Amino acid sequence: MKAILCAELGPPEALVFGDVPDPDPAPGQVVIDVEAAGVNFPDSLMIQGRYQFQPPLPFTPGGELAGTVFAVGDGVDTVSPGDRVAAFTLWGAFAERVAVDASAVMPIPDSMPVEVAAGFAIAYGTAYHALKDRAVARPGESLLVLGAAGGTGLAAVELGKAMDLKVIAAASSEQKLDVCRLHGADDTIDYSTEDLKERAKSLSGGGVDIVFDPVGGDLTEQALRATGWQGRLLVIGFAAGPIPSIPLNLPLLKGCDIRGVFWGSFVAHSPDASEANMAELVELYQSGDIDPLISTRYPLDEAGSAIRLLMDRQATGKVILEV
């Protein structure tokens, strides 16, 4: 079968499209015929050796996929061959066929296209865990979303509206902010031309309650300074590159919290809560309260170009590989 291979750590242009052996299901595993795979920022970190979890070389990148069950191993009774499913893999998804633990496989409803399912779990799972479990968001609170036009940011915009929050979307261009408005943002900030801190404080009536930050860099401190009393800054990731250093007098003076959000570890540590969250997200999708945007599709052999698009922060919504 065909797959994308990372034979040496480096840029996405170094990835290779080649042949690998077809997988067989071990006990407790499911083999899936991949129809689509989601592309995420951690993929770019993993191929450079900069992610928290690092597989040995060579490896196939890709953390999420959707397709059809081809075979199941001994002890698997949750899905059967022919079932439409999505799966969370950490790595390995950029291939024609994948073996994955049954616990990481989820049936998808007939109403959800396979391309949507392939890019659903990480973006919406992360955003929902952040807002529901980490921020404990309450209706009427204000939410500032940085990088709001990206896959995870746009999921946070949509979920914020579904949770009755006042959503302020912040991004680096008017074109990206137009996308955020279409997906429910109440107000917007172009931080390439506007003062993020002052504008966010003004729009929120003195200080935002929750900051959703997948960007990092210089924006994190500006956003933290825009929080109100007992605000919560959610650390999602560092798409800008630099990991910020925060003056700890800011949380002291504001009585605010800086809360880490690592959805992958949440899934591992709290599988029942994660499963309940995903069921609620599917209900929100079926009711029309969230409408995932797939902005760009690439064939499998152009995975490097897809990852480069994310690294250059040019993507809006989700980027999908069609297998």
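Everything that follows concerns the structure shown earlier in this document.
Conventions used here
- Residues numbered from 1 in each chain as written.
- Predicted model: local features only at pLDDT ≥ 70, side-chain atom pairs only at ≥ 80, totals over all residues.
- Heavy atoms only, no water.
- 1 Å grid on protein atoms, 1.4 Å probe; cavity = no way out; pocket = protein on both sides within 12 Å on 5 of 7 lines; lining within 4 Å.
- Points joined across faces, edges and corners; volume = space filled by probe spheres on them.
- Helix = DSSP H or I, 4+ residues; strand = E, 2+ residues; numbered from the N terminus.
- Core = buried A, V, L, I, M, F, W, Y, C linked by side-chain atoms within 4.5 Å.
- Buried < 20%, exposed > 50% of the residue type's maximum accessible area, 1.4 Å probe, protein only.
- Contact = heavy atoms within 4.5 Å.
- Phe/Tyr/Trp six-rings, centres within 6.5 Å; stacked < 30°, edge-to-face > 60°.
- Lys NZ or Arg CZ within 6 Å of the ring centre and 35° of its normal.

### Notes on empty space enclosed by the protein
Taking a probe equal in size to a water molecule and rolling it over the atoms shows the remaining empty space. A full pass over the atoms with the stated rule returns 1 cavity of 30 Å³ or more. Empty space within the largest cavity amounts to approximately 40 Å³. Taken together, Y124, G151, L154, A155, P292, L293, G317 and K318 make up the lining of the largest cavity. With 3 residues, helix α4 (residues 151-162) is the largest single contributor of residues to the lining of the largest cavity.

### With respect to the nonpolar core
L159, F212 and L234 are the most contacted members of the largest nonpolar core, which totals 51 residues. With 8 residues, helix α3 (residues 121-134) is the single largest residue contributor to this core. Once residues within four sequence positions are removed from consideration, F212 is found in contact with A127, A130, L131, L143, L144, V145, L146, T152, G153, A156, L234 and I236.

### Let's talk about the packing of aromatic side chains
Enumeration according to the criterion identifies 5 aromatic pairs in this entry. Aromatic pair Y51 and F53: ring centres 6.3 Å apart, planes at 70°, arrangement edge-to-face. Here F53 falls in the partly exposed class, since its relative accessible area comes to 35%. Considering the side-chain rings of F120 and Y124, the 4.9 Å spacing of their centres and the 20° angle between planes classify their relative orientation as stacked. On the accessibility criterion, F120 (1% relative accessible area) is buried. Of the aromatic side chains, those joined through ring pairs into one cluster are Y51, F53 and F262. Taking NZ or CZ as reference, R97 lies 3.7 Å from the ring centre of F70, over its face.

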